[in-house]
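Residues per chain, in single letters:
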Amino acid sequence: MAPRATKAPGCHGPIYSDLVARAAAVAMTGHETGRVDQLSCLARGAAPAVRFRDDVAALRAQADAAPAFAAVPPDSRAAAEIPLRTAYIDGFNAGCGGCGGQVFTELTPIVWQTRTLPGGEPPVDGTIGAASFRASYEPGSGWLVTILAC
């Protein structure tokens, strides 16, 4: 099967990213040991805070102008992309030594393409941005996604 890039509705655009960027900027200050590092983390939340009101207004306008869309089956790849995008934004802000402030104003491309990894590792299901991921659906629980980063 050929790789397929997908683009989901704007639900995981700037608004979620703004909130996570701000929350991580505050939360990660407790992990920094020096005052300069703590202030640096806090400062990373300032720009997302300023943008938030305009981002909400833009999303409302987009929702008002967009046609209604049909729900997707819970076991579909389209449904998997919501926790995948959430994990990607969360990881950029609070994972791998992150300190908040990482706002995504555009949706990061997702390419579904199963491939094997060297060394006997389990296969990956695709990439989000430059990071590989695994995604599996469990009936009754939903999608479990793992992004291979750091």
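Presented here is an overview of the structure given in this document. Fair warning: this is a prediction, and the values are worked out from it, not measured in the lab.

Section: the overall build of the protein
Thinking step 1. Looking only at helices and strands, one finds four helices and five strands in the protein.
Thinking step 2. Scanning the protein from its N terminus toward the C terminus, one meets helices and strands in the order β-α-α-α-α-β-β-β-β.
Thinking step 3. Split by element, the accessible area of the protein, about 9,000 Å² in all, is 60% carbon and sulfur.

Focus on helix α3 (residues 46–65)
Thinking step 1. Compared with an ideal rise of 1.5 Å per residue, which puts 20 residues at 28 Å, α3 spans 30 Å between its outermost C-alpha atoms and is within 8% of the ideal.
Thinking step 2. Of all bends in α3, the biggest is about 45°, found at phenylalanine 52.

Some thoughts on the state of the cysteines
Thinking step 1. Taken as a whole and assessed by the stated rule, the structure comprises one disulfide.
Thinking step 2. The disulfide that involves cysteine 41 links it to cysteine 99, with 1.6 Å between the sulfurs. Remark: cysteine 99 occurs in the loop between α4 (77–94) and β2 (110–115) and cysteine 41 occurs in helix α2 (residues 35–44); sequence separation between them is 58 residues. Taken as a pair, cysteine 41 and cysteine 99 share a single burial class, namely buried.

A closer look at the environment of proline 123
Thinking step 1. Here proline 123 is to be found in the loop between β2 and β3 (124–128).
Thinking step 2. On the basis of relative accessibility, which here comes to 41%, the residue proline 123 falls in the partly exposed class.
Thinking step 3. In the structure, proline 123 is positioned ten residues away from phenylalanine 133 in sequence and 9.2 Å away in space, judged by C-alpha atoms.
Thinking step 4. In this structure, proline 123 is in contact with Thr114, Arg115, Thr116 and Arg134, ignoring residues within four places of it in sequence.

Side note on a nonpolar patch on the surface
Thinking step 1. The grouping of Val26, Leu39 and Leu42 at the surface amounts to a nonpolar patch, some 260 Å² of accessible area in total.
Thinking step 2. Tracing the sequence through the fold places leucine 39 in helix α2.

Regarding the packing of aromatic side chains
Here the distance between the centres and the angle between the planes together describe a pair of aromatic rings.
Thinking step 1. For the structure shown, the criterion picks out five aromatic pairs.
Thinking step 2. A centroid spacing of 5.0 Å and a plane angle of 85° characterise the contact between tryptophan 112 and phenylalanine 133, whose relative ring orientation is edge-to-face. Here tryptophan 112 is found in strand β2, whereas its partner phenylalanine 133 is found in strand β4 (residues 131–138), with 21 residues between them in sequence.
Thinking step 3. By the ring-pair criterion, three or more aromatic residues cluster together here, those being Tyr88, Phe92 and Phe104.

Quick look at the packing of helix α1 (residues 14–27) against α4
Thinking step 1. As a packed pair, α1 and α4 sit with axes 9 Å apart at the nearest point and diverge in direction by 30°. Taken together, α1 and α4 sit at an angle that is classed as roughly parallel. Helix-helix and strand crossings are classified by hand; for α1 and α4 the assignment is right-handed. Seen from α1, the contacting residues are Tyr16, Ser17, Val20, Ala21 and Ala24; seen from α4, they are Thr86, Ile89, Asp90, Asn93 and Ala94.
Thinking step 2. When the residues that make up the contact of α1 with α4 are grouped by side-chain class, the tally is six nonpolar, three polar and one charged.

Things to note about the pattern of salt bridges
Thinking step 1. Under the counting rule described, the total for this entry stands at two salt bridges.
Thinking step 2. A salt bridge links arginine 51 to aspartate 18, with the nearest nitrogen and oxygen atoms 3.8 Å apart. With arginine 51 in helix α3 and aspartate 18 in helix α1, this residue pair connects regions lying 33 residues apart in the sequence.
Thinking step 3. Note on aspartate 18: relative accessible area 0%, which makes it buried.
Thinking step 4. Where arginine 134 meets glutamate 121, a salt bridge forms, and the shortest distance between an N and an O atom there is 3.8 Å. Of this pair, arginine 134 sits in strand β4 while glutamate 121 is found in the loop between β2 and β3, placing the two residues 13 residues apart along the sequence.
Thinking step 5. With relative accessibility at 46%, the residue glutamate 121 sits in the partly exposed group.

Calculation criteria
- Each residue is numbered by its place in its chain's sequence as written, counting from 1.
- With the structure being a predicted model, the display of local features is reserved for residues of pLDDT at least 70 and the display and counting of side-chain atom pairs for 80 or more, all residues being used for whole-chain, interface and lining totals.
- Side-chain figures throughout are based on the complete set of non-hydrogen atoms in the structure, without hydrogens or water.
- In this description a helix means any DSSP run of H or I spanning at least four residues, a strand means any run of E spanning at least two, and both kinds are numbered starting from the N terminus.
- Throughout, the Shrake-Rupley method with a 1.4 Å probe supplies accessible areas, and for residues the shown protein chains are the sole cover considered.
- Multiplying 1.5 Å by the residue count of a helix minus one yields the expected span of that helix.
- What we call the bend at a residue is the angle made by axes fitted to the seven residues finishing there and the seven residues starting there.
- Two cysteine sulfur atoms form a disulfide, by the criterion used here, when they sit within 2.5 Å.
- Each residue is placed in one exposure class: buried if its accessible area under a 1.4 Å probe, protein chains only, is under 20% of its type's maximum, exposed if it is over 50%, and partly exposed if it falls in between.
- What makes two residues a contact is simply this: any of their non-hydrogen atoms within 4.5 Å.
- A patch consists of residues exposed above 30% relative accessible area that lack any salt bridge, with like charges linked at up to 9 Å and nonpolar side chains (Val, Leu, Ile, Met, Phe, Trp, Tyr) linked at up to 5 Å.
- Definition used for salt bridges: Asp or Glu carboxyl oxygen within 4 Å of a side-chain nitrogen of Lys or Arg.
- Planes of paired rings set the category: under 30 degrees apart is stacked, over 60 is edge-to-face and the rest tilted, where pairs are Phe, Tyr or Trp rings (Trp by its six-membered ring) whose centres lie within 6.5 Å.
- Note on geometry: axes are lines fitted to C-alpha atoms, helical ones only across the stretch in contact, with angles between N-to-C directions running from 0 to 180 degrees.
- Note on angle classes: values under 35 degrees are labelled roughly parallel, values over 145 roughly antiparallel, values of 65 to 115 roughly perpendicular, and the remainder oblique.
- Left-handed describes a crossing whose near helix is turned anticlockwise from the far helix through less than a right angle; right-handed describes the clockwise counterpart.
- Just so you know the grouping, Ala, Val, Leu, Ile, Met, Phe, Trp, Tyr, Cys and Pro go in nonpolar, Asp, Glu, Lys and Arg go in charged, and all remaining residues, Gly too, go in polar.

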